[in-house]
Amino acid sequence: MKAAILNKPAPVSTNPLVVAEIATPTPGPGEILIRVLCCGVCRTDLHVVEGELPQHKSPVIPGHQVVGTIESFGPGTSPGLNGGRRFKLGDRVGLAWLHHTDGTCEYCRRGAENLCDRPTFTGYTVDGGYAEYVVADENFVYAIPASFTDQQAAPLLCAGIIGFRSLRLADVKPGARLGFYGFGAAAHLAIQVARHWKAEVYALTRDERHRRLALELGAKWAGDTFDTPPEQLDSAIVFAPAGEIVPAALKILRKGGSVVLGGIHMSPIPSFSYDLLYQERVVRSVANNTRQDGEDFLRIAAEIPIRSHVKLFPLAEANRALNSLKSDAIEGAAVIQVRDR
Ligand SMILES: [Zn+2]
Ligand SMILES: [Zn+2]
């Protein structure tokens, strides 16, 4: 199969992904082989490729927003499926960041599998979807609502799900005033959920095109990253990986408000005065998601219905997709089109 392979982390400007022919993987017990149709490009892919996240597998194929069809089943069935199967050959499924959890650690047992002690992650600790085929656990893939095209569905699988979990942790209530720092793939989907929940969205981003997209999608106000919105906010979700935003976000919150950090990596957070945190303001991170988050989000996404803005790149241009993401040149989400149908 063809795959875009990372042999060694390096700045994306050096085009570190190499597109090559390698052996198609074989699904093990309880696993499925997915024939990839397309794969969304996430900021986490940038952190993997540039080495901001510690390396776990080398070489590795990035990509964790995979839409594809089931090509074959591994031997046996997944534990917990009672001898049955969730899917049949040819079904369209989505594979996201959470590739597998042990199901036995204290976090899994208390329903917080996103914090599992022994997880594997697609396109990071195991190979991902910048390839013609990828292997997944049948219990860890999603049915994609039929109303979404393949390309539309891809960004839902991380940008969408993580944005949704961020909204949940921000405890969004109707009428709430919500700030979004950064307005890329995750924010452009999360705003559609927030508006559906009758919240007001204030977008803070350095990129003029992203501010325009925010207003088009119903943001009440859009300004530069360190501007002060016209109202105090109930919560702010930080999608941009810049630590200096954290004190700035605290500054625009009402008492008791929360700042939710939606990314897996962030530059160091500068020290700040306790006054900014006092009055029961909260700073918290989002780590991964549970499968329940994914199922809930995909159902709501189809109900709304959410529209993803996507820019397509062929697999051979995976490096260009990452470079475009890094330079804020994507309106909405970048998607790698692996196969046309
Ligand atoms: Zn676990
Ligand atoms: Zn992601």
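Structure's up top.
Fair warning: this is a prediction, and the values are worked out from it, not measured in the lab.

The rules behind each value
Residues numbered from 1 in each chain as written. Chains lettered and ligands numbered in written order. Predicted model: local features only at pLDDT ≥ 70, side-chain atom pairs only at ≥ 80, totals over all residues. Heavy atoms only, no water. Donors = N, O, S within 2.8 Å, 3.2 Å for Na, K, Ca; no water. Tetrahedral: all angles 85-135°; square planar, octahedral: opposite > 155°, others 65-115°. Buried < 20%, exposed > 50% of the residue type's maximum accessible area, 1.4 Å probe, protein only. Axes fitted to C-alpha atoms, helices over the stretch in contact; angles between N-to-C directions. Helix = DSSP H or I, 4+ residues; strand = E, 2+ residues; numbered from the N terminus. Parallel < 35°, antiparallel > 145°, perpendicular 65-115°, else oblique. Left-handed = near helix turned anticlockwise from the far one by under 90°. Contact = heavy atoms within 4.5 Å. Pairing = 2+ DSSP bridges. Polar contact = N/O pair within 3.5 Å; in protein donor to acceptor, adjacent residues only side chain to side chain. 1 Å grid on protein atoms, 1.4 Å probe; cavity = no way out; pocket = protein on both sides within 12 Å on 5 of 7 lines; lining within 4 Å. Points joined across faces, edges and corners; volume = space filled by probe spheres on them. Nonpolar A, V, L, I, M, F, W, Y, C, P; charged D, E, K, R; others polar. Core = buried A, V, L, I, M, F, W, Y, C linked by side-chain atoms within 4.5 Å.

With respect to the coordination of the zinc ion (ligand 1)
With distances of 2.0 to 2.3 Å, the protein atoms coordinating the zinc ion (ligand 1) are Asp 102 (OD), Cys 105 (SG), Cys 108 (SG) and Cys 116 (SG). Around the zinc ion (ligand 1) sit 4 donor atoms, and with donor-metal-donor angles ranging over 95 to 118 degrees the site reads as tetrahedral. All donor residues of the zinc ion (ligand 1) come from one chain, and their arrangement in sequence is D-x2-C-x2-C-x7-C. For Cys 108, a relative accessible area of 14% gives the class buried. With a relative accessible area of 8%, Cys 116 lands in the buried category.

Some points on the packing of helix H4 (residues 159-169) against helix H5 (residues 185-196)
Here H4 crosses H5 at 55 degrees, and the two axes come no closer than 8 Å. In terms of their interaxial angle, H4 and H5 are classed as oblique. Crossing angle aside, the handedness with which H4 passes H5 is right-handed. Residue-level inspection shows Ala 159, Gly 160, Gly 163, Phe 164 and Leu 167 of H4 in contact with H5, the latter providing Ala 185, Ala 186, Leu 189, Ala 190, Val 193 and Ala 194.

Side note on the sheet that holds strand S11 (residues 200-204)
Spatial strand order, S12-S11-S10-S13-S14-S15: 6 strands in an open sheet with parallel pairing. The outermost strands of the open sheet, each flanked by one partner alone, are strand S12 (221-223) and strand S15 (282-285). Between one strand axis and the next, the sheet turns by 20 degrees as a mean value, whatever way the strands run. Pairing of strand S10 (residues 177-181) with S11, which is carried by 5 bridges, proceeds in the parallel orientation. Paired with Phe 180 across the two strands is Ala 203, which belongs to S11.

Some details on the side chain of Ser 166
Tracing the backbone through its elements, the reader meets Ser 166 in helix H4. One polar contact links the side chain of Ser 166 to the main-chain carbonyl oxygen of Ile 162, over a distance of 2.8 Å. Ser 166 has contacts with Ile 237, Phe 239, Val 260, Gly 262 and Val 286, leaving out every residue within four places of it along the chain.

A word on empty space enclosed by the protein
Summed over all chains, the structure comprises 1 cavity of 30 Å³ or more. In terms of residue class, the lining of the largest cavity is made up of 7 nonpolar, 2 polar and 1 charged.

Remarks on the layout of surface pockets
Taken as a whole, the largest pocket spans an internal volume of roughly 1000 Å³. Taken together, 47 residues line the largest pocket, and the ones lying closest to its centre are Arg 43, His 47, Phe 239, Ala 240 and Pro 241. Mapped by element, the contributors of at least two residues to the lining of the largest pocket are helix H1 (43-49), H4, H5 and helix H10 (318-326). No other element matches the 4 residues that H1 contributes to the lining of the largest pocket. In terms of residue class, the lining of the largest pocket is made up of 25 nonpolar, 15 polar and 7 charged.

Brief notes about the side chain of Asp 91
Position of Asp 91 among the secondary structure elements: in the loop between strand S4 (66-73) and strand S5 (92-95). According to the relative accessible area criterion, Asp 91 is buried, its value standing at 18%. Polar side-chain contacts of Asp 91 include one of 2.8 Å to the backbone nitrogen of Lys 88.

Focus: the nonpolar core
Val 67, Leu 167, Leu 178, Phe 180, Phe 183, Ile 237 and Phe 297 are the most contacted members of the largest nonpolar core, which has 51 residues in total. Element by element, the count of residues in this core is highest for H5, at 8 residues. Every residue in contact with Val 67, bar those within four places of it in the chain, is listed here: Val 36, Leu 37, Cys 38, Arg 92, Val 93, Ile 144, Asp 150, Ala 153, Ala 154 and Leu 157.

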